[in-house]
Amino acid sequence: MSTSYAEHYLKPDSLFQKFTKFTPAQFLLSALALICTLAGIYSVYFLATEGHHAIALCWFIAITLGIVIYSQQRFSTLRYLYPSIITISLFVVLPILLTAVIGFTNYSGLNLISKQRAHDVIMKSTIASTAQRLNFTLLGDTESSLQIRLRDDDKHSFVSESFSLVDIANSDLNLMMSKQANTAKALPLKQISRNRRLLDKIRVTLPNGKNYRMTSFRQFSEVLPQYQLLDNGKDPLDAAIQDLQTQKVYFANDESGFYQNEGGEKLSPGYYVNYGWKNYIRTVSDPNISGPFWSIFIWTIVFATLTVIFTLFLGLTLACLISMKDLRGRNIYRVLLILPYAVPAFISILVFKGLFNQSFGEVNLILEAVFGISPQWFDNPWLAKSMVLLVNTWLGYPYIMILCLGLLKTIPDELYEVAAIEGAGVVPTFFRITLPMVLKPLTPLLVASFAFNFNNFVIIALLTKGGPDFLDTTTPAGHTDLLVSYTYRMAFQDSGQNFALAAAISMLIFILVGSLAMINMRLAKVKV
């Protein structure tokens, strides 16, 4: 006998039974998962329609994997790892890949957009005709109800509908011929001048189809296209473009990323193209770049290494001193010595910048009063580097001191007692007991400190801004620049904002820092 409908669908393991057993929390999580899935699908559609097909594909794969992992019980172990994998991919792997891709292009402040967009912008360029001009009058009682009236030499009058400069949504207005006298009063010149920026955006169309725009306070001129496309049987993006004013012809040059003529004159904007290994080759072959690059690279290693050595020496020495049991007021000294770590670094750096001011700084005032010298801290390369090291040591020693204070407490007192019985002095005891016992557990943190100072952008940006600059270089570079500040200046302070070259150098920095970190780890015998 066949089972009934209710018996079949209401058995304990049926979908209906499972559905009715959902708790409110499960319903809420399911609704949240559904909303996130729909939002993800919409974001994929949006990225695809905007032309970001590669990113859309990656995002689609990530969403699909998420749905599979969280809907299948057999992948339950991956549910805790998947958010971490997505986060690492989004904030670590993706920036590295994008930086690597940009390094193989000519992406810069002059070549920011695709070839298609550059072509469209150039072809939409217009000029105002000096021959076709109409007299302009702005009519209205208030700025919320205005009209544009144009008159030609034959006394024909064309008037627009009422509009508001604030609420106008479309900058194109259609004008109709007016045969009747308009009673609206003409606004004075000062009101036109006050609203010049908004009026410049308005383009009017006459009944004959011609477009006009404002070229002076009392005239509108006909808008004409500046360029025309020459039909030579090629793809429109590769076809020649002719300037209707100068009659010059421009061709697409995919090596430079510009439309340019035979004389080398370029049209803006340019477009980004695949550059291959040119940026990397230029880094090592162009003397104007390779010279400062290797000097800055050596200084970066020296800066990071000396900072670690100086902060370790000063921090460990102070930690040993304030750990002495016979020292009175140890807590007061500890608080005072930790203060540089408590004050925000950017404030301390700016204070030191004022102290080392070459004209009014307290450091030079004291040196001049005592020794009769006034060092040029910001103009002399060696003095500037010394100043940077001094300030960075001041900022970094409290961190090492705090670590050493904790490590010193782990050293058994019996070792010092034995050393005292054997007649060992303070210096031998320090180098044979204290330093080895502290240095081994401190090594990974010193490696991390080295990596941090290798990319210490803040102190250079706030203290010296990389100066004093190198002479005779095509890209901005200074004697105190670190590699990170050097690439920043190249990307954002160079006249051409050469993002691609900065990206190529950033990849080299990534490889060098990674290699140095691995070497340090191996030398320190730290398992990775």
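**Thoughts on helix α12 (residues 345–355)**
- Every buried residue of α12 is listed here: S348, I349 and F352. Seen along its axis, α12 keeps its buried residues to an arc of 100°; they face one direction.
- Buried residues along α12 sit in contact with α14 (381–408) and α17 (457–463).

**Focus: the sheet that holds strand β10 (residues 249–253)**
- Spatially, the five strands line up as an open sheet ordered β8-β9-β10-β11-β12, and their pairing is antiparallel. With one partner strand each, in any of the chains shown, β8 (227–229) and β12 (266–267) form the two edges of the open sheet.
- When strand β11 (residues 258–260) meets β12, the two strands line up antiparallel, connected through two bridges. Within the sheet, the bridge partner assigned to Y259 lies in β12 and is L267.

**Concerning the packing of aromatic side chains**
- All chains considered together, the criterion is met by 21 aromatic pairs.
- Taking 4.9 Å as the distance between ring centres and 85° as the angle between the ring planes, the aromatic pair formed by F104 and W277 counts as edge-to-face. Here F104 is found in the loop between α5 (82–102) and α6 (115–123), whereas its partner W277 is found in the loop between β12 and α9 (278–285), with 173 residues between them in sequence.
- A relative accessible area of 24% places F104 in the partly exposed class.
- Exposure remark for W277: the relative accessible area of 57% places this residue in the exposed category.

**Details of the packing of helix α11 (residues 330–342) against α14**
- Running from N to C, α11 and α14 point in directions that differ by 130°, and their axes come no closer than 7 Å. By the criterion of interaxial angle, the relationship of α11 to α14 is oblique. At the point where α11 passes α14, the crossing takes the left-handed sense. When α11 is examined against α14, the residues R334, L337, I338, P340 and Y341 are found in contact with a partner set consisting of W394, Y397, P398, Y399, M401, I402 and L405.

**Considering unusual backbone geometry**
- The linkage connecting S268 with the following residue, P269, adopts the cis geometry, with an omega of 5°.
- On the secondary structure map, P269 appears in the loop between β12 and α9.
- Within the chain, K465 stands out as a residue other than glycine whose phi angle is a positive 55°.
- Relative to the helices and strands, K465 resides in the loop between α17 and α18 (483–492).

**A few points about the confidence of the model for the protein chain**
- When pLDDT is averaged across the protein chain, the result is 83; 91% of the residues are at 70 or more.
- When mean pLDDT is compared element by element in the protein chain, α17 scores highest at 93, while helix α1 (residues 5–9) scores lowest at 47.
- Scored below 50 in pLDDT, residues 5–13 shows nine contacts in the model against residues more than four places distant or in partner chains.

Calculation criteria
Residues numbered from 1 in each chain as written. Predicted model: local features only at pLDDT ≥ 70, side-chain atom pairs only at ≥ 80, totals over all residues. Heavy atoms only, no water. Buried < 20%, exposed > 50% of the residue type's maximum accessible area, 1.4 Å probe, protein only. Helix = DSSP H or I, 4+ residues; strand = E, 2+ residues; numbered from the N terminus. Arc of directions from axis to C-beta. Contact = heavy atoms within 4.5 Å. Pairing = 2+ DSSP bridges. Phe/Tyr/Trp six-rings, centres within 6.5 Å; stacked < 30°, edge-to-face > 60°. Axes fitted to C-alpha atoms, helices over the stretch in contact; angles between N-to-C directions. Parallel < 35°, antiparallel > 145°, perpendicular 65-115°, else oblique. Left-handed = near helix turned anticlockwise from the far one by under 90°. pLDDT = per-residue confidence, 0-100.

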